[in-house]
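# Residue-level structural notes
Residues per chain are reported as follows:
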Amino acid sequence: NKSGSYGVIELDGEVLYGKKISMENFGNIREAFRGNRGVSYVKGNGMMFAVPVYHNGNVKYVLFKHIDERYLGDTFGMSCYDGKGKVLLATRDEDIVVPFEGWTQEEYFFLCSKTMGKCFEEISEKMKISTGAAAFCEEETPQYVFVAEVGEIDFLIVGMIEEEYAAEGIFIIVTLVF
């Protein structure tokens, strides 16, 4: 099912409703039993969303939604700048959780190129003192690459936009100001 599977699980790990899952694989389920909602990702297994369900002030169950890895791009694929830019979601260990919308193998190879490696090194240095950073990468098609931490979850948003499209917005601002 592309939209994922839902379920309700008890503290002992018994699934009352939905697909059987293992609390061992997704740490956010244990955290939900402590009263914290969360999202976790397991490479090859997908993404799990979990929220506590309270009864008389105590967490009695956890409601979860699991989305298989092969459907993450279809479910959460993103773009920016009216589709001219690309955005992906990654772990800090550089695992791609949600690929670019319309992800191609060429884009994957481009991300793994030496030029992009240098850009990501520059961004990584900037991220030591900030929650977001960008770099200009001169490749066949010059582009800006940006990275930002995602709030309550330990993921990064990574985006790319070709220089000519990023500059469009600046030109419009300059025209309006002067």
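Bear in mind that the values here come from a model prediction, so they are computed numbers and not experimental data.

So, how was this worked out
Residues numbered from 1 in each chain as written. Predicted model: local features only at pLDDT ≥ 70, side-chain atom pairs only at ≥ 80, totals over all residues. Heavy atoms only, no water. Helix = DSSP H or I, 4+ residues; strand = E, 2+ residues; numbered from the N terminus. Buried < 20%, exposed > 50% of the residue type's maximum accessible area, 1.4 Å probe, protein only. Contact = heavy atoms within 4.5 Å. Polar contact = N/O pair within 3.5 Å; in protein donor to acceptor, adjacent residues only side chain to side chain. Pairing = 2+ DSSP bridges. Axes fitted to C-alpha atoms, helices over the stretch in contact; angles between N-to-C directions. Disulfide = S-S within 2.5 Å.

### A short note on the environment of Lys126
You can see Lys126 is positioned in helix H4 (residues 114-127). Overall, the relative accessible area of 34% leaves Lys126 in the partly exposed class. Considering only alpha carbons, one finds Lys126 and Val147, 21 residues apart in sequence, at a separation of 9.9 Å. In contact with Lys126, not counting residues within four places along its chain, are Ala133, Ala134 and Ala135. In this structure the side chain of Lys126 is engaged in a polar contact, spanning 2.7 Å, whose partner is the backbone oxygen of Ala134.

### Details of the pairing of strand E3 (residues 38-42)
Bridge analysis of E3 against strand E4 (residues 46-55) gives five bridges, and the strand direction is antiparallel. Pairing of Tyr41 across the sheet is with Met47, part of E4. Counted along the chain from E3 to the antiparallel partner E4, the turn is three residues long, and its residue Gly44 has a positive phi close to 90°.

### Examining the sheet that holds E3
Pairing in this open sheet of five strands is antiparallel, and the strands run E2-E1-E5-E4-E3 from one edge to the other. Only two strands of the sheet have a single neighbouring strand rather than two, namely strand E2 (15-18) and E3. Taking the axes of each pair of neighbouring strands and ignoring which way they run, one obtains an average angle of 25° across the sheet. Two elements, strand E1 (residues 5-10) and E2, share three bridges in a ladder whose sense is antiparallel. Pairing of Gly7 across the sheet is with Gly18, part of E2.

### Describing the state of the cysteines
Overall, the coordinates contain one disulfide when judged by the stated rule. With a sulfur-sulfur separation of 1.7 Å, Cys119 is cross-linked through a disulfide to Cys137. Highlighted residues: Cys119 in helix H4 and Cys137 in strand E9 (residues 132-137), separated in sequence by 18 residues. Among the residues examined, Cys119 registers a relative accessible area of 5% and is labelled buried.

None of the figures reported here should be taken as evidence of function without further support.
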